[in-house]
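Coordinates in review
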Amino acid sequence: MLVQSPTAPVDEAEAPADAQGTGTGPTPSAMSSTEPTPSGGADVSAATEPSTGRLDIADLNVYYGAFRAVKEISLTIRPHAITAVIGPSGCGKSTFLRSLNRMHEVIPDARVEGSVRLDGIDVYDAAVDPVQLRRVVGMVFQRPNPFPTMSIYDNVVAGLRLTGRHSQASLDEVVERSLVRAALWDEVKDKLRSNGMSLSGGQQQRLCIARALAVNPEVILMDEPASALDPVATLRIEELMAELRKNYTIVIVTHNMQQASRISDQTAFFTMGDDRAGYLVEMDDTIQIFTNPRNQLTEDYVSGRFG
Amino acid sequence: MAATTTAPARTADILRAGAGGRRMWFDRVMRSVALLASLACVIPLGAVLFFVTARGISAVNLDLLTKPSRALGVGGGAVSAILGTLQMVPLAALLAIPIGVLAGIYVHEYGAARSARTIRFAADVLVGVPSILIGIFVFTFLVLPFRQYNAFAGSVALAVIMAPVIMRTTEEVLKLVPGNLREASLALGVPRWRTTLAIVVRTALPGILTGIMLAVARATGETAPLLFTALGSRLVNVGDFGKPMDALPLFIYVNARQPYDLQNAQAWGAAFLLLVFVLAVNVLVRLGSTSRRRTP
Amino acid sequence: MTTLPSAPWLAGRPARGSADRVFRWATRLAALGVVAILVLLAIQLLDSSLLTWQTFGLGFITGTTWDPVAAIYGALPYIVGTLLSSLIALVLATPIAILTAIFLAEIASPRLATPLTFMIELLAAIPSVVFGLWGVFVLAPFLRVTAEAWISSTFGFIPFLAGPTFGIGLFTAGVILAIMILPTIVSISREVIRSVPDSQREAMLALGATRWEVIAKAVLPFARSGIFGAVILGLGRALGETMAVTMVIGNGQAIPTHLFDQAQTIASKIATTFNEATIGIQTNSLIALGLIMLVITIGLNIIARLLVWRVSGPVGAE
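All of these numbers come straight from a predicted model, not from anything done at the bench.

The rules behind these values
Residues numbered from 1 in each chain as written. Chains lettered and ligands numbered in written order. Predicted model: local features only at pLDDT ≥ 70, side-chain atom pairs only at ≥ 80, totals over all residues. Helix = DSSP H or I, 4+ residues; strand = E, 2+ residues; numbered from the N terminus. Buried ≥ 20, exposed ≤ 12 C-beta atoms within 10 Å, placed from the backbone. Contact = placed C-beta atoms within 7 Å. Rg over C-alpha atoms; globule rule 2.2 N^0.38 Å. Pairing = 2+ DSSP bridges. Axes fitted to C-alpha atoms, helices over the stretch in contact; angles between N-to-C directions. pLDDT = per-residue confidence, 0-100. Expected span 1.5 Å × (residues − 1). Bend = angle between axes of the 7 residues up to and from the residue. Right-handed = clockwise from strand over helix to strand, strands pointing away. Core = buried A, V, L, I, M, F, W, Y, C linked by C-beta atoms within 7 Å. Parallel < 35°, antiparallel > 145°, perpendicular 65-115°, else oblique. Left-handed = near helix turned anticlockwise from the far one by under 90°. Nonpolar A, V, L, I, M, F, W, Y, C, P; charged D, E, K, R; others polar.

**Observations regarding the overall build of chain A**
Along chain A, the regular secondary structure elements total ten helices and ten strands. Counting across all 307 residues of chain A, residues that qualify as buried make up 46%. Partitioning the intrachain contacts of chain A with sequence separation of at least 6 by distance along the chain shows that 69% fall at a separation of at least 24.

Structure representation (structure tokens):
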């Protein structure tokens, strides 16, 4: 199987970092931010393992203030595979997902204990800038959210435009590549300049996927990406995901057990403990989880029994 | 499965690279600029408060409070203005509150969508009409026909300013009353008018009062509508709404334009009184609503 | 054949009581009264200025002479004064107001945003005449030796910006108007920004944007028509302001040609001359000025509300 190597994103082409803003006075912000220690630009010559998009999560706890939403999660997300996270409502699945690209930090008083390692690097390390992390770990949301003031073209390159100037040609190429990979190119190639909101729900979601792909991530997080779509659109998204897994690591939170059993390679089952914190009950190959789970709770959930 | 090469950037390099000093620098700078802009908004408030207090408080003496205006440069006080405001504003409130509250109730409770929208729109437009035009309007039908400036016209002008404001704030507050309160009352057989008054309005009363107080504070500070109606006066007028009457804002305006230091000082003094009242109402209203929110 | 079963609770209760009807009519009357006031106001202003329109026609708007003795009336100097002072106010206030709204809505913690918002509300509560008093005795002298001196000396080669500077004049009026319309633009912009759905912010954030980039590239574009509406509402307020402007703009009767000229606005002209005017063509002309102001402010008001409505739904009472 030919592994396609995505064209190098034309980034880090900016001038070297100017002097960091010296004391600009109090900047109260609702979100914690980490300042990266100045460590130079992209230095490819450093000998690092080849990127694989592998996530190792160890003893992860996520707190909102004093309330622990997610408890002691340890698991490994296999690269270039689809990992489904299933479980009843409120058991911290989304919180867990968002902690992988530090999106939970938009909520004040959110904090994390434990580690999330992406290819060996702890994403919560002080030297890691969440802004950079989110380029490597992309996200697709439950409701399609294309930018309504932008055309389809501009939507796709919205993330790229953040990282400096790109030539028109390279942008054009990225747009086409991303839309092809999102299985949307044929439907929109003649109306790239029209507004993103003119598409159907399923198309909008694929546009959002294209947008996430354009910045060339390693991992794509999906928070119930098809739950707002009709069954036909859902099916197309699922087919798309099966294709995407060849090049990206995918983690999907879903309420739909059939979906999880259809498309995922691995499944993690979460549930809510008595202390209202979500925890990992069991994680295994999808076949195992759905036909021969080890834990009684898992068995109950996947067979529709509650109690 | 072969490992993907993503030359030149690999995960570790991207993560360790930082977003680019320029982006982070710009982010911090713009957020600081936004903070500075906010502080810049507060500076004029401080400046006005400071000067009005500094120059006004020393001018608030017994003379100011008890003596009427005299021939220029010779002294006197603001008692005619104070008494005038104390008479015209309550009368204006008396006229405006029933109209405003009832209109707000109508738009909220009974308005079929289309007529309610038109009425609401008209009220909003009226709120935005410059107050001097309202003064001219009242002049043409309450002053001109009688060839007589009078305080009643002044109160009417203030009432015209207050009524749409009260109407809109009443409606906004009524919207917050949960619908099931009304339904429960109607289900018990309470007639609709009684439900509206005794249940819905009663629940919304604090908010309605807030709206009224803010409207009163605003009317107290209005000058332009009084220029052509009540006109202002150096004489003390108690009770005669058929004649001109002074008011605090008019007093400030007149005395500020005089070339005499004493008159200017009195303008500051009157401004201090006016400002204290207006700000006190605003502060009280804010404290009242926050304390209500704290009690569950 | 069915008859209505008799039930105790049905007896003696009219389907819709007369008290209900009275109440309903009372409220309806009040509501219509508000509408009536607006309609009457417009009609009355038109009627009381008819003579002027008949005499000068639309030439009233372009006329540059206001001479009661010769009975020639032209509104242009006052229209220009109004527009210029409001324009200055807009230029000064808009960037500060929008940045402030962004700060309050997106950046500041609640602990900081709440008192700041309150203080800006207090700014809005200060009566116009108090601003005028402060403007005449504090702001004007201050501006004369600081901003006006600096501008006229540094940029004086541009005729519009040349001196002499008096403190009292168009510029000071613009500055004071800017201060007075800040709260309007800030509060409406803030509401508009807050109504931008979080999903937009999340989408931009998840692409790897900094906090400011989220604001600049996702929030502001979404909110831009509403913010534009807020600015127009601010403009409307500036156009209608009377007392503070009257007290600091001086008494220029010609069309202002320099930033620091004395001038008059429509509102200040009416305020200073109406009471001494003779009933007749003179009062008619002053009221005609008022009608111009009415049309402009109502027009702007409507446009602004439509713009804000598009982003965040109907605007509440201000």
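**Regarding the overall build of chain B**
On a plain count of helices and strands, chain B comes out with twelve helices and zero strands. For a compact globule of 296 residues, the expected C-alpha radius of gyration is about 19 Å, and chain B comes in at 27 Å, more than 25% above that figure. Principal-axis analysis of the C-alpha atoms places the extent of chain B at approximately 100 × 65 × 40 Å. Counting over 296 residues, chain B shows a buried share of 54%.

**As for the interface of chain C and chain B**
Taken together, the contact between chain C and chain B spans 72 residues of the former and 74 residues of the latter. Per-element accounting of the side of chain C that touches chain B gives the leading share, 18 residues, to helix α1 (residues 18-48) of chain C.

**Quick notes on the sheet that holds strand β3 (residues 82-86) of chain A**
Residue and element names in this part refer to chain A. Strand order across the open sheet formed by ten strands is β5-β4-β1-β2-β10-β9-β3-β8-β7-β6, with mixed pairing between neighbours. If you trace the sheet from one side to the other, it starts and ends with β5 (121-122) and β6 (137-140), each paired once. The sheet contact formed by strand β7 (residues 219-223) and strand β8 (residues 249-253) spans five bridges and is parallel. By the bridge assignment, Ile220 is partnered in β8 with Ile250. In the packing of helix α6 (residues 201-214) onto the sheet, contacts are made with β6 and β7, and the angle to β6 comes to roughly 170 degrees.

**Quick look at the confidence of the model for chain A**
Per-residue pLDDT for chain A has a mean of 82; in total, 82% of the residues score no lower than 70. Every residue in residues 1-49 of chain A is under pLDDT 50, and counting partners more than four places away or in other chains gives 85 contacts.

**Describing the environment of Ser153 of chain C**
Following the sequence through the fold, Ser153 of chain C ends up in helix α7 (residues 147-154). Accessibility expressed as a C-beta count within 10 Å gives 12 for Ser153 of chain C, which makes it exposed.

**Observations regarding helix α10 (residues 211-240) of chain C**
For an α-helix, the turn length of 3.6 residues means that residues three or four places apart are oriented alike. Residues and elements named next belong to chain C. Taking 1.5 Å as the rise per residue, α10 with 30 residues should run 44 Å; its terminal C-alpha atoms sit only 38 Å apart, a clear shortfall. The largest bend in α10 is about 60 degrees, located at Arg224. Counting buried residues in α10 gives 24 out of 30 residues, a clear majority hidden from the surface.

**Remarks on the pairing of β8 of chain A**
Residues and elements named next belong to chain A. Of all the five residues making up β8, five are buried; the element is thus mostly covered by neighbouring parts of the structure. The two faces of β8 match: Thr249, Val251 and Val253 on one face and Ile250 and Ile252 on the other face are all buried. Sheet analysis places β3 next to β8, joined by four bridges and oriented parallel. If you follow Ile82 over to β8, its bridge partner there is Ile250. A crossover connection joins β7 to the parallel β8 through helix α7 (residues 231-244); in handedness this β-α-β unit is right-handed.

**Considerations on the nonpolar core**
Core analysis: the largest hydrophobic core is formed by 276 residues, its most contacted members being Met162, Ile252 and Ala271 of chain B together with Val34, Val130 and Leu182 of chain C. Other than its neighbours up to four places away in sequence, Met162 of chain B contacts Ala92, Ala93, Ala96, Gly100, Ala215 and Ala219 of chain B.

**Things to note about the packing of α6 of chain A against α7 of chain A**
All names here are of chain A. Following both chains from N to C, one finds α6 and α7 inclined at 25 degrees, their axes separated by 9 Å at the closest point. Taken together, the axes of α6 and α7 lie roughly parallel to each other. Between α6 and α7 lies a crossing whose hand is right-handed. Across the interface between the two elements, Gly201, Gly202, Gln205, Arg206 and Ile209 from α6 touch Ala233, Arg236, Ile237 and Leu240 from α7. Along the lines of polarity and charge, the residues of the contact of α6 with α7 split into four nonpolar, three polar and two charged.

**Describing the packing of helix α5 (residues 113-128) of chain B against helix α13 (residues 281-312) of chain C**
Close contact between α5 of chain B and α13 of chain C brings their axes to 10 Å; oriented N to C, the two are set at 125 degrees. Classified by the angle their axes make, α5 of chain B and α13 of chain C are oblique. α13 of chain C is crossed by α5 of chain B, and the crossing has right-handed handedness. Across from Asp124, Val125 and Gly128 of chain B in α5 of chain B, the residues of α13 of chain C making contact are Thr297, Ile298, Asn301 and Arg305 of chain C. When its residues are assigned to classes, the contact of α5 of chain B with α13 of chain C shows two nonpolar, three polar and two charged.

**Overview of the environment of Val127 of chain B**
Of note, Val127 of chain B is situated in helix α5. For Val127 of chain B and Ala163 of chain B, which are 36 residues apart along the polypeptide, the C-alpha to C-alpha distance reads 8.9 Å.

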